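Residue-level listing of the chains:
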Amino acid sequence: MPSDLLDNLTETQLEAVTHIDGPMLVVAGAGSGKTRVVTRRIAYLISKGVWPNQILAMTFTNKAANEMKERVEQLVGVAPRWVGTFHSACAKFLRQDLEKLGDGRNGNFTIYDSSDQQSVVKACVKELEGTETSGRTNANSILSRISRAKCALVPPATFGKGTPEDDRVARVYKAYEKSLRQMNAVDFDDLLLLTVKLLEQRSDLRDIYHSRFRYLLIDEYQDTNRLQYRLMRLLTGPKHNVHVTGDPDQSIYSWRGADYRNIMDFAKDFENTRVVRLEQNYRSTKTILAASNALIQNNTKRFEKELFTDNDRGVQLTVKGADNERMEALHVAQGIVTLRTRRVPLSEMAIFYRTNAQSRSFEEVFMRVGVPYQIVGGVRFYERKEIKDILAHLTLLGNPRDVVALKRVVGCRSTGVGDKTLARLLARANEADIPVFDLLCSSDFKELLGGRIPRKLANFAAWCRDLAGVPRIPVGECVREVLGVVGLVDVYRNKSDTDPAAEDRIENLEAFVDRAFEFEAARPEATLADFLEDVALVADVDAWDSSADCLSLMTLHSSKGLEFPHVFVAGVEEGYLPHQNSEADWAVEEERRLLYVGITRAQKSVMLTYARQRYTWGRLEPRGPSRFLSELPPETVTYDGTEDDRNDSEDAKVDAATDDGELYYDYDDTW
DNA sequence: CCTATATAGATTTTT
DNA sequence: TCTATATAGG
């Protein structure tokens, strides 16, 4: 055993690390060394002779999973294979075993993201009601109800009927499910749901999984929903070797069905649960901790606990009001400059906000000033139109039944094929029970389809045959080849006069090809399907580089599990925190937890900013400081210049110059 | 029957 | 500011 495995641990941490068999609950406050405990425990198990692949650790985000993997590898030199998100673990299970469920789907399934789901829902509504859905919100609201039902394990058959709207959702839900089965597609919820179904139906599989995964670990247990809870129960073998960690005060996903009662009830679920509470904070200053403790105590529904720390007192939190979002960004920029004069690297600073849209004003300022930054999340790379287009082609190669992908393939450039033709194709494919793309590629396409075939359709079918002829392996070559066959780059080049983003789109496509080659280099034996899964479930994390010397920007949700010496939380104002859609009491408590999460990310300093006015959709709206600010004890906070923002002048001038890698900024006297 | 253009309408958080 | 839908042209 590596000798340092048990070094520098407190007694409680040691207890959690060296626990081997039976259920364990670790209630881990923010900054209490939870990751350290979990990773050391995995390493400890391995050092005690547990085979790394017998450990299944599930997290919510890829960031958390990757960090866990890396740190275990540092400790024992092996990266356990089964450390990943709930979704990626289930995707791997289903690639292997989905066919055994016998619902018509198999391991080549496509994973649909929300826009794909929308497209399916719209098609279902049209089919059922003969009319288009009105706008995006309609499909969206139906989808969110379907998702809620799935996460609560409610099948279409028992979906609550009553109001006409309920009945309607129930009908769409049913059609939606059927449609996904037909297309050999699953949505995010299905990844978990179908795994649950599979394990419920097949005791033989359950036994196999139990013997394969002798130790189960679940991170951020307070964020599990019923579906994830059910999955946990099914994966837990008879020995109850399940180890969960979490913090009820950091539960911020109730909108996704998370129920922190899961963590409250864990010890009741499993007899003989050992409970360890980690309440010493190693991350933050006394002041930061005092502020966050006071804040979270305003929540009524909560497990009483109070974190303490031996760290220094540190400096007060700074609160700064700005006249608008532009000024807010400039204030933050100034805070960054001040830190830079103390030689603090940019990698030690982060800006958090409630909504992704808020990143814009910061980007504009940092771009102008020349501060390198990276944004975590936001418009995901693979959700961009051009990327979805190229992905659709690749998807179709792997899953010829994927109608959503075919629609994109048809629609992304002039093919001469439209809705009517597509409907005809689909009808025929269903009739003949052939995957629609196979029908198109078939050498006797004309005979199969029958009737008059427009020249354009014949051309398209011939083109499909070319596409299908592209070798699938190796992945990088395949992606480059497909891009060439599709000619998307030329499409955008021709569109450059109408689409101002055309150049970016071409760059993105090139970046996508690069990514495919990188993937191939990292996993030479991987298939196209593996690559697509990676893109659907894990691609974005790789974009965030914790070691890069640049500033990080992300939502408060994304910040969970991370830490930074210096944290800025922007938009601490009514309307954002709490968000205007979360004014209900219970919702406000979650918003408070969100700010709590943000503040407790910080090691040394925190700056909270808000705007008094803000442009929303081009309209100037009055805003005001968040109610949460008044909950911070006065002695922990300095109100910096909130009264005296002389004129907020659009002419605050910021210049940047580089010298020796250091940035210097000059401001005029408005500062 | 398909394609390009204009116009309204939309943003919470994530796998 | 950006995207999806309505509409008219080809």
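Preceding this section is the structure that the text describes.
So, a few notes on the structure that sits alongside this text.

About the thresholds
- Residues numbered from 1 in each chain as written.
- Chains lettered and ligands numbered in written order.
- Predicted model: local features only at pLDDT ≥ 70, side-chain atom pairs only at ≥ 80, totals over all residues.
- Heavy atoms only, no water.
- Patch = residues over 30% accessible without salt bridge, like charges linked within 9 Å, V, L, I, M, F, W, Y side chains within 5 Å.
- Areas by Shrake-Rupley, 256 points an atom, 1.4 Å probe, with all protein chains shown as cover.
- Salt bridge = Lys/Arg side-chain N within 4 Å of Asp/Glu carboxyl O.
- Lys, Arg positive; Asp, Glu negative; His and termini not counted.
- Charge placed at Lys NZ, Arg CZ, Asp CG, Glu CD.
- Helix = DSSP H or I, 4+ residues; strand = E, 2+ residues; numbered from the N terminus.
- Buried < 20%, exposed > 50% of the residue type's maximum accessible area, 1.4 Å probe, protein only.
- Pairing = 2+ DSSP bridges.
- Axes fitted to C-alpha atoms, helices over the stretch in contact; angles between N-to-C directions.
- Contact = heavy atoms within 4.5 Å.
- Near = heavy atom within 4 Å.
- Polar contact = N/O pair within 3.5 Å; in protein donor to acceptor, adjacent residues only side chain to side chain.
- Nonpolar A, V, L, I, M, F, W, Y, C, P; charged D, E, K, R; others polar.
- Core = buried A, V, L, I, M, F, W, Y, C linked by side-chain atoms within 4.5 Å.
- 1 Å grid on protein atoms, 1.4 Å probe; cavity = no way out; pocket = protein on both sides within 12 Å on 5 of 7 lines; lining within 4 Å.
- Points joined across faces, edges and corners; volume = space filled by probe spheres on them.

**As for a negative patch on the surface**
Step number 1: Judged by side-chain charge, Glu503, Asp504, Glu507, Glu510, Asp514 and Glu518 come together as a negatively charged surface patch.
Step number 2: Structurally, Glu503 can be placed in helix 23 (residues 502-522).
Step number 3: By relative accessible area, which is 63% here, Glu503 ends up exposed.

**Some thoughts on the pattern of salt bridges**
Step number 1: Applying the stated criterion across every chain yields a total of 37 salt bridges.
Step number 2: Glu15 is the partner of Arg274 in a salt bridge, and the nearest nitrogen-oxygen pair spans 3.1 Å. Residue Arg274 is found in strand 8 (residues 274-278), and its partner Glu15 is found in helix 1 (residues 11-18); the two are separated by 259 residues along the sequence.
Step number 3: Classification of Arg274 by relative accessible area gives partly exposed; the value is 38%.
Step number 4: One continuous salt-bridge network, built from bridges that share partners, spans Lys34, Asp219, Glu220, Asp223 and Lys560.

**Some words on the sheet that holds strand 6 (residues 215-218)**
Step number 1: With parallel pairing, six strands are arranged side by side in an open sheet as 3-2-6-7-1-8. Because the sheet does not close on itself, it has two edges, and the strands there are strand 3 (83-85) and strand 8. Averaged over all neighbouring strand pairs, the angle between strand axes comes to 15 degrees, with direction disregarded.
Step number 2: The strands that helix 2 (residues 34-47) touches are strand 1 (24-28), strand 2 (55-59), strand 6, strand 7 (242-246) and strand 8; relative to strand 6, the one it contacts most, it runs at about 170 degrees.

**As for the side chain of Ser32**
Step number 1: Inspection of the secondary structure assignment puts Ser32 in the loop between strand 1 and helix 2.
Step number 2: A residue is classified by how much of its surface remains accessible, and Ser32, at 1% relative accessible area, is buried.

**Comments concerning the protein's contact with DNA strand B**
Step number 1: Among the 31 residues in the neighbourhood of DNA strand B, the closest are listed as Arg256, Arg354, Gly418, Thr421 and Trp617.
Step number 2: When atoms of DNA strand B within 4 Å of the protein are split into backbone and base, the sugar-phosphate part holds 57%.
Step number 3: Between DNA strand B and Trp255 there is a distance of 3.1 Å, counted from a base oxygen to a side-chain nitrogen or oxygen.
Step number 4: Separating a base oxygen of DNA strand B from a side-chain N or O atom of Arg256 is a distance of 2.8 Å.
Step number 5: Among the secondary structure elements, those contributing two or more residues to the surface near DNA strand B are helix 6 (135-151), helix 17 (419-432) and helix 25 (556-559).
Step number 6: Sort the elements by how many residues they give to the surface near DNA strand B and helix 17 lands first, with three residues.
Step number 7: In terms of residue class, the surface near DNA strand B is made up of seven nonpolar, 18 polar and six charged.

**Some details on the nonpolar core**
Step number 1: Membership of the largest hydrophobic core comes to 76 residues, with the highest contact counts inside it found for Leu425, Leu440, Phe460, Val482, Leu488, Phe512 and Phe531.
Step number 2: In contact with Phe512, other than residues within four places in its own chain, are Phe381, Ile387, Ile390, Leu391, Leu394, Val479, Phe531 and Val535.
Step number 3: Residues Leu199, Val242, Val244 and Ala536 belong to the second largest nonpolar core, which totals 45 residues.

**Some points on the side chain of Arg505**
Step number 1: Secondary-structure assignment places Arg505 in helix 23.
Step number 2: Within the local environment of Arg505, its side chain forms a polar contact with the side chain of Glu386, the two groups lying 2.7 Å apart.

**Structural notes on the layout of surface pockets**
Step number 1: Roughly 1200 Å³ of volume is contained in the second largest pocket.
Step number 2: Every residue lining the second largest pocket is counted, 32 residues in all, and those nearest its centre are Ala123, Glu127, Val403, Lys407 and Leu426.
Step number 3: Residue assignment for the lining of the second largest pocket shows that the elements contributing at least two residues are helix 5 (114-129), helix 7 (164-182), helix 16 (403-411) and helix 17.
Step number 4: Looking at the lining of the second largest pocket residue by residue, the classes come out as 16 nonpolar, six polar and ten charged.

**Things to note about the sheet that holds strand 10 (residues 349-353)**
Step number 1: Across the sheet, which stays open at both edges, the seven strands sit in the order 11-12-10-13-14-9-17 with parallel pairing between neighbours. Edge positions in the sheet fall to strand 11 (373-375) and strand 17 (637-639), since each of these pairs with one other strand and no more. Taking each pair of neighbouring strands and ignoring which way they run, the sheet shows an average axis angle of 20 degrees.
Step number 2: Strand contacts of helix 13 (residues 325-341): strand 9 (317-322), strand 10, strand 12 (551-555), strand 13 (564-569) and strand 14 (602-611), with the helix running at about 155 degrees to strand 14, the strand carrying the most contacts.
Step number 3: Helix-sheet contacts for helix 26 (residues 585-599) involve strand 9, strand 10, strand 13 and strand 14, and the interaxial angle to strand 14 is about 135 degrees.

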